[in-house]
Amino acid sequence: MKRKIRIAIPSKGRLRQPSIQALQYAGINILEEKRAYISETSDPRFEAVFARTFDVPIYVQYGAVDLGMTGHDIVLEREADVHELLDLGFRKCQLVVAVLENSTICSINDIPAVERVATEYPNLSRKYFESLRKQVEILTVRGAAELAPKLGLAQIIVDISETGETLRKNNLKVIATILDSSCRVACNKIAYRIFESEINELLDKLRRHLTK
Amino acid sequence: MTFTRLQILKGTRDYLPPEVERHRYVEHKLREIFKLWGYQEIRSPTIEFIETLSTGVGPELVDGMFKFQDFNGKIVSLRAEMTAPVARIVTTHMLSAPKPIRLFYICNVFRYSPSYFERGREFWQAGVELIGCNTPEADGEVISLLISSLRKLGLKEVRIDVGHAGLLKNLLKATGLSKEKKVNLLGLLGYRDEEQLEKFMDQNNFSSELREVFLQLSRSRRLEDVSSVSVDPSKYGKAENCLRALLEVKDILVDYGVENVVFFDFSLIRKIEYYTGIVFEASVPNLGLPLGGGGRYDNLIEKFGTVKVPATGFAMETEKCLQALSAQGFQLQEGNKIKILVTSRFRSAAVKAVSVIRDAGVTAVLDVAKRDEKETIGYAKLGEIDYVVFLGSSVNKPATIYDTRLDTATDLTLKVFLQRIGG
């Protein structure tokens, strides 16, 4: 008998609720959500685990889970070698470069040499500035990068923006967009080989829900 | 964190006896099967010049090499894989040897990686190289050998996925896309999201013919599915050759009786650059990472000399094989492992006795601790010793044989005792 297919769902944050909902539409209800344990679902072929958002792509890559609901931005940031089988379309957001509204920096070209950049996305930030031949010092923070300019930690931040509301509240303006992202169904490459038919069935159900 | 002398380098580890035993099992089995298939073992230096080790492997692997300077200021590195060293060896010592040459190795390699979820920074590879032949029979042989090797270890549900480095390269070239877009396309193929792939092809004005080829290939799961993909040989001649090569290898795999576990994956790419033809990866359902893989590299060896020598091969990771075995609940068969402790007040008799037991092919240890009887039995039980032989003044006189599992003592001569335990 085949083992169960394990899906990782972000345990916190903006991806969590819509991910649970999308799975519900696809007929997978999480039966009991225990902390840090594997939860049964209404579909006996699947089980669910809740994991830290930033770790989901890594869990998927190393096969700790077979599928993971995660952001495209996070897959790229963690440089995870996974399939991204489906764009779920929700939690559309952008990874942006932002500075304080009253800053003299109005575009990427204005960024002085070796300026500090605070971000939760050190890899993507480094690659972006490298591609522009800009030398910056990346300061990795765990969340709340938007506070960095106010606190004088860094003039520049690279962060996710969904509506721009958080940035506005913190008197920040966007000077560049690095990439567009949304929620994806990531899949371990070997798991897809083994469970292709089951996974495709799930993707079809998710797709049908998306087009509604 | 302050440094202490108990620390070891990140990504390296100690292997204690039971674990070494498991590794030796894998190595022994693999050595046995590689030899049965006519491959001969070679060894190469752990440290080589960076120029050698970096030939053909691509910048990603070179970045991950442990590099330092030797006494003359030359940059040297710990080997990160074995194919480049083998290519150097073939060029220096074997160019005039009759082809094909069949070589294998089992050794440790070193790669720096930011995380060691996937593997340690020092890990063991077992691999083969079939050198001097570019026939589909050669490709078929190494794929079949990989399957047989994994099965020989006791692994079940072994599966091979095959791609083609040349096919992918030629089709990417045919798109006429910029380098950056080619990378994007490669990424999309890897994502296996057909909608996104179609969108990309529409945005980039793919010809309907090329569009269809990409879609059909990414939908193909078996090697025979490839036969329905038609590419115009006048436009994409090289790609057509690659497709034909895949089908030829499929026929050979049928002869080996393994075609049912071999699949096609258009998006399969290996992280090392030197591959030119068929590439493949082995996996089992219980492990989320491949156990090993390889492929054809027809242009690597000529980079060391001037002669073009086609070759193919694979490497598997012994640690991953062990992980997969334990995920499948495999128990290592413990064979003839009876262990006997000999103790006596008469040293020369005891020394003689252990030598008699060892000559009979049974493990014997001499009591060197000078303990009393009770302590000796206690030690034997903890030390996984099966019998304690309390010997008198001579090997020929009956000795007291204590069975540590049954807690019984019997008086027997060593000769009779050895006969009883089948030594």
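None of these values were measured; they are calculated from a predicted model.

Caption draft 1: Broad picture of the overall build of chain B. In terms of regular secondary structure, chain B is built from 14 helices and 16 strands. Here the C-alpha radius of gyration of chain B, 28 Å, is well above what a compact globule of 423 residues would show, namely 22 Å. By principal-axis analysis of the C-alpha atoms, chain B measures approximately 95 × 55 × 50 Å. A buried classification covers 40% of the 423 residues belonging to chain B. A separation of at least 24 residues holds for 67% of the contacts in chain B among residues at least 6 apart in sequence.

Caption draft 2: Structural detail: the overall build of chain A. The helix and strand inventory of chain A stands at eight helices and 11 strands. Projected onto its principal axes, the C-alpha positions of chain A cover 60 × 35 × 30 Å. Taking all 212 residues of chain A together, the buried fraction comes to 42%.

Caption draft 3: Summary view of the domain arrangement of chain A. All names here are of chain A. Domain boundaries assigned for chain A yield domain 1 (5–91 + 182–211) and domain 2 (93–181). Here domain 1 and domain 2 have C-alpha centroids that lie 29 Å from each other. At the interface, eight residues of domain 1 touch eight residues of domain 2. Per-element tally for the side of domain 1 that touches domain 2: the top contributor is helix α3 (residues 72–77), with four residues. When the residues that make up the side of domain 1 that touches domain 2 are grouped by side-chain class, the tally is one nonpolar, three polar and four charged.

Caption draft 4: Up close: the pairing of strand β11 (residues 311–317) of chain B. Residue and element names in this part refer to chain B. Summarising burial for β11: seven of the seven residues are buried, a large majority. Looking at chain direction, strand β6 (residues 122–131) and β11 are connected through seven bridges and run antiparallel. What sits directly across from I131, in β11, is A311. Bridging between strand β10 (residues 292–296) and β11 involves five bridges; their strand directions are antiparallel. Paired with G293 across the strands is A315, a residue of β11.

Caption draft 5: Region of interest: unusual backbone geometry. All names here are of chain B. Omega for the bond connecting K99 with P100 falls within 30 degrees of zero, at 0°, which places this linkage in the cis form. When you line up the elements, P100 lands in the loop between α4 (83–93) and β5 (101–110). Backbone geometry at K370 places phi at a positive 55°, although glycine is not the residue there. Taking the number of C-beta atoms within 10 Å as the measure of exposure, K370 has 9 and is therefore exposed.

Caption draft 6: Local environment of the sheet that holds strand β2 (residues 47–49) of chain B. All names here are of chain B. Pairing within the open sheet is antiparallel, and its three strands lie in the order β2-β4-β3. Looking at which strands have only one partner, the edges of the open sheet turn out to be β2 and β3 (67–69). Strand-to-strand, the axes of this sheet are offset by a mean angle of 40°, without reference to chain direction. Bridge count between β3 and strand β4 (residues 75–78): three bridges; the pairing is antiparallel. Bridged to K67 within β4 is S77.

Caption draft 7: Molecular detail of the interface of chain A and chain B. On the chain B side, the residues contacting the 15 residues of chain A number 16 residues. Of the residues contributing to the side of chain A that touches chain B, the split by class is nine nonpolar, three polar and three charged.

Caption draft 8: Layout of the packing of helix α5 (residues 136–152) of chain B against helix α10 (residues 237–256) of chain B. Residues and elements named next belong to chain B. Between α5 and α10, the shortest axis-to-axis distance is 8 Å and the interhelical angle comes to 50°. Between α5 and α10, the angle is such that the two are oblique. Taken as a pair, α5 and α10 cross one another with a handedness that is right-handed. Judged by residue contacts, P136, E137, D139, G140, I143 and S144 of α5 engage A245, E248, V249, I252, L253 and Y256 from α10. Of the residues assigned to the contact of α5 with α10, the class counts are seven nonpolar, two polar and three charged.

What counts, and at which threshold
- Here the residue numbering is sequential within each chain, running from 1 through the sequence in written order.
- Ligands are numbered from 1 and chains lettered from A, in the order in which they are written.
- Reporting in this predicted model follows two pLDDT cut-offs: at least 70 for local features of residues, and 80 or more for side-chain atom pairs to be given and counted; totals over whole chains, interfaces and linings ignore these cut-offs and use all residues.
- The numbering of helices and of strands both runs from the N terminus, where a helix is a DSSP run of H or I of at least 4 residues and a strand a run of E of at least 2.
- When we talk radius of gyration, it's over C-alpha atoms, and the globule rule is simply 2.2 Å times the number of residues to the 0.38.
- Put simply, a residue is buried when 20 or more other C-beta atoms lie within 10 Å of its own C-beta and exposed when 12 or fewer do; between those, it is partly exposed, and each C-beta is set from the backbone.
- What counts as a contact is two residues whose backbone-derived C-beta atoms lie within 7 Å of each other.
- Each domain span listed reflects an automatic or database assignment of domains.
- Throughout, the ten residues Ala, Val, Leu, Ile, Met, Phe, Trp, Tyr, Cys and Pro are labelled nonpolar, Asp, Glu, Lys and Arg are labelled charged, and all others, Gly among them, are labelled polar.
- Only strands joined by at least two bridges in the DSSP assignment are considered to pair.
- Helix axes are fitted only over the stretch in contact, all axes being lines through C-alpha atoms; the angle between N-to-C directions runs from 0 to 180 degrees.
- Our angle categories are set so that under 35 degrees counts as roughly parallel, over 145 as roughly antiparallel, 65 to 115 as roughly perpendicular, and the remainder as oblique.
- For any pair of crossing helices, the crossing counts as left-handed if the nearer helix is rotated counterclockwise from the farther one by less than a right angle, and right-handed if it is rotated clockwise.

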